[in-house]
Amino acid sequence: MKFTFNILFFLLWTFYSSAQRKPNIVFMLADDCTSWDIGVYGNKDSKTPAIDQLAEDGMMFTKCYQSAPMCSPTRQNLLTGLYPVKSGAYPNHTNVNTNVKSVAQYLKPLGYKVALSGKRHYGPSDNFPLEYLGKATGQDADPNFDNIDAFLNETSKKEQPFCLFITSNQPHTPWNKGDTTLFDKAKLKLPPIYPDLPKTRSAYRDYLAEINYLDGQVARALSLLEKYKLDENTIFVFASEQGNALPFAKWTCYNAGLRSALIVKWPGVVKPGSVSDALVEYSDIVPTFIELAGGSPLTRLDGKSIVPVLTQQKKEHRKYTYGEMTTRGIINGSDYYPIRSISNGRYRYIFNISSEVAFSNWVFTEPFFKEWEADAKVNSNTSKLVKKYRYRPAEELFDDDIDPYNQNNLADDPKYFKVKEELRKQLHEWMEGNGDKGIITELLASEHMPAKRSGFPIVIDTTKYQSKIMKSARHINVPVDGYYTFYLSGKGNLEVNGRVVIPLNPKATSNTERYGVIGLKKGTHSIVIDNSLPDAVRWSGPETILSNL
């Protein structure tokens, strides 16, 4: 009996000790920070001592990518382990589908307390049951370090393992944080994709100052772990998110837009100062955390654990990484401009699904880009950059290793035909596997945005119809071939060229705005409205801002 009791006690003690040894996890995320603008990733002007030291203490990944180059899809991809179109969260300011689970629902059953402080940008809240520790006071959605301090104090006393996300709002625009006197803008080395102009130098300096401010937040997070003697049993992960808000980064699937810094410090396990060239994605984070917490792999997730890479059991991880971008719904975005991409770690293939229309985003409203456009009238190099940013071919292929800024398109070079074909095939298979229907998925993006969702059946007619003038109809002039969206308030019916775009619906009210999409060729087209007034109609399309009829 005594022998049996001793065995039972030993097993219980072993289980308890094992539970106590579960590592804590801290994931710290920047906001719109191009990876190579961090000191340790190669920027000699950048001042990031805390992040640089983190790399010395842990493993630095050189080929980490995310699946979307803007905030909301990225964060929801990170927290769910699912690709954006599959989860439903592919436009910006979006929500995942109701059946999607997130990291908290996977880690809580494994005994973890899961919390987040700072920028959220995910939804709905029921799908993300993380304990929210608030944000800093003021306009920014920065972490609240006082609340983080209290959280770490509480968990250290209870000896409960935790997974804490610290999500900064820096260096997201406006670049008004940090000490700009640390940088001499006249001496900064600008990336080769920026023309050397005064407003660009000022913007880049302000951006680097905000990265330095972010670095201070990283230092503060690490110091709090030390304060509560949690640092030795805590895995600390830092990631930089998508590229900055300057051209050719955020809102694009170029290397600068999708590539992310990723550094992992795991005391006693990860070799200090190690560097990994393994191809990894943000989709891999949730599966990694599940394994670290003692859970079993989940085949329904798109990612897979990178623990074997961290422990140096494996040097390779993925064969491909994927990316997608939709401009529908972003600030000053093209009415539609779907982009899909794939990388094998060296070559990046980009499919611009609607290359016949112009690309647009927030950048085009900014003073520094207005300066680019003015300089483009007298400077051929600037002219090439402006044109390349706005107008893109259907296919692009780049060698990320020798052309990291993706300026030399190899898509039409016969030497790279096999590479392009392989990547194109894999990309289309990925799209099909995610239920991604390209332009139709793009045109339905509003249905995944709570503030813009119609809630009514949507007509999407992608046939591009010829000009047609009908008597007793209203007429619009369409400037270019493309897809045009019509919005109608009320229950009425709207037809374009005799084709129903928004059907009659008695359940709709004057406060309800429904929409439909139809393809139109350049020219004059006829609009007929029944059971609603003409002033209840708005429309938009490529090179056509949202306007009343």
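Computed from a predicted model, the values in this text were never measured in an experiment.

A. Focus on the sheet that holds strand 1 (residues 24-29). What the eight strands build is an open sheet, ordered 4-3-5-1-6-7-2-8; its pairing is mixed. In this open sheet, the two edge strands, each paired with only one partner strand, are strand 4 (131-132) and strand 8 (274-281). The sheet contact formed by strand 2 (residues 59-65) and strand 7 (residues 259-265) spans five bridges and is antiparallel. Bridge pairing in strand 7 links Y65 to R259. Along the sheet, helix 2 (residues 49-57) makes contact with strand 2, strand 6 (234-239) and strand 7, crossing strand 7 at roughly 60°.

B. Region of interest: the pairing of strand 11 (residues 347-352). Counted residue by residue, strand 11 has six buried out of six residues, so it is predominantly covered. The alternating pattern of strand 11 places Y347, Y349 and F351 on one face and R348, I350 and N352 on the opposite face, and all of these are buried. Pairing of strand 10 (residues 339-343) with strand 11, which is carried by five bridges, proceeds in the antiparallel orientation. Note on strand 11: the bridge partner recorded for I339 is N352. Here strand 10 folds back onto strand 11 in antiparallel fashion, the turn holding three residues, of which G345 has a positive phi close to 100°.

C. Layout of the pattern of salt bridges. Summed over the entire model, instances satisfying the criterion amount to 28 salt bridges. The partner of K86 in a salt bridge is D302, and the shortest N-O contact between them spans 2.7 Å. Here D302 lies in the loop between helix 9 (285-292) and helix 10 (307-310) and K86 lies in helix 4 (residues 84-87), a separation of 216 residues in the sequence. Linking E421 and R424 is a salt bridge whose minimum nitrogen-to-oxygen distance equals 2.2 Å. With E421 and R424 both in helix 13 (residues 417-433) and three residues apart, the pair spans about one turn of that helix. Look at E421 and you get partly exposed, because its relative accessible area is 29%.

D. The arrangement of the state of the cysteines in detail. The tally for this structure, following the rule as stated, stands at zero disulfides. Note on C33: no disulfide assigned, nearest cysteine sulfur contributed by C71 at a separation of 12 Å. You can call C33 buried: its relative accessible area is 0%. Looking at C64, it has no disulfide partner, and the nearest cysteine sulfur is the one in C33, 13 Å off. Residue C64 is classed as buried on the basis of its relative accessible area of 1%.

E. Structural detail: the packing of helix 2 against helix 7 (residues 198-227). Where helix 2 contacts helix 7, the axes come no closer than 7 Å and their chain directions differ by 55°. In terms of orientation, helix 2 and helix 7 fall into the oblique class. Residues P49, A50, I51 and L54 of helix 2 form the contact with helix 7, whose own contacting residues are D215, V218, A219 and L222.

F. Highlighting the environment of C33. Secondary-structure assignment places C33 in the loop between strand 1 and helix 2. It is 43 Å that separates the C-alpha atoms of C33 and I476, two residues lying 443 residues apart in sequence.

G. The sheet that holds strand 20 (residues 537-541), seen in detail. Read across the sheet, five strands follow the order 13-18-15-20-21 without closing on themselves; strand pairing throughout is mixed. Two strands in the sheet have a free side with no partner beyond their single neighbour: strand 13 (460-465) and strand 21 (544-548). Each neighbouring strand pair of the sheet contributes to a mean axis angle of 20°, computed without reference to strand direction. In terms of strand pairing, strand 13 meets strand 18 (residues 513-520) through four bridges, oriented parallel. Looking across to strand 18, one finds that Y465 is bridged to L520.

H. Layout of the environment of S87. Tracing the backbone shows S87 in helix 4. For S87 and G268, which are 181 residues apart along the polypeptide, the C-alpha to C-alpha distance reads 36 Å. Here S87 is in contact with L82, V96, N97 and V100, once residues within four sequence places are set aside. Of note is the side chain of S87, whose polar atom sits 3.1 Å from the backbone oxygen of P84.

I. View of the nonpolar core. L152, L164, F236, F238, W251, W372 and L397 are the most contacted members of the largest nonpolar core, which has 95 residues in total. Take this core: its biggest share by element is 12 residues, from helix 7. If near-sequence neighbours (up to four positions away) are discounted, W372 is found in contact with I193, Y194, P195, L197, T200, P247, F248, T382, L385 and V386.

J. Region of interest: empty space enclosed by the protein. Per the stated rule, a full pass over the model turns up three cavities of 30 Å³ or more. Each pocket or cavity is described by its volume, and for the largest cavity that value is around 50 Å³. For the lining of the largest cavity, the elements supplying multiple residues, two or more each, are strand 6, strand 7 and helix 9. Of all the elements, helix 9 adds the most residues to the lining of the largest cavity, at four residues. When grouped by side-chain class, the residues that make up the lining of the largest cavity number nine nonpolar, one polar and no charged. Approximately 40 Å³ is the volume found for the second largest cavity. What lines the second largest cavity is simply T34, W36, D37, P191, I193, Y194, N244, P247, A249, A256 and Y405. Here the residues of the lining of the second largest cavity sort into eight nonpolar, two polar and one charged.

K. Expanded view of the layout of surface pockets. The calculated volume of the largest pocket comes to roughly 690 Å³. In terms of lining residues, the largest pocket is bounded by 30 residues, among which G333, S334, D335, S540 and L546 are the most central. Secondary-structure elements contributing two or more residues to the lining of the largest pocket are strand 18, strand 20 and strand 21. Of the residues in the lining of the largest pocket, the class split is 10 nonpolar, 11 polar and nine charged.

Procedures and definitions
Residues numbered from 1 in each chain as written. Predicted model: local features only at pLDDT ≥ 70, side-chain atom pairs only at ≥ 80, totals over all residues. Heavy atoms only, no water. Pairing = 2+ DSSP bridges. Helix = DSSP H or I, 4+ residues; strand = E, 2+ residues; numbered from the N terminus. Contact = heavy atoms within 4.5 Å. Axes fitted to C-alpha atoms, helices over the stretch in contact; angles between N-to-C directions. Buried < 20%, exposed > 50% of the residue type's maximum accessible area, 1.4 Å probe, protein only. Salt bridge = Lys/Arg side-chain N within 4 Å of Asp/Glu carboxyl O. Disulfide = S-S within 2.5 Å. Parallel < 35°, antiparallel > 145°, perpendicular 65-115°, else oblique. Polar contact = N/O pair within 3.5 Å; in protein donor to acceptor, adjacent residues only side chain to side chain. Core = buried A, V, L, I, M, F, W, Y, C linked by side-chain atoms within 4.5 Å. 1 Å grid on protein atoms, 1.4 Å probe; cavity = no way out; pocket = protein on both sides within 12 Å on 5 of 7 lines; lining within 4 Å. Points joined across faces, edges and corners; volume = space filled by probe spheres on them. Nonpolar A, V, L, I, M, F, W, Y, C, P; charged D, E, K, R; others polar.

Just distances and angles here, no functional claims.
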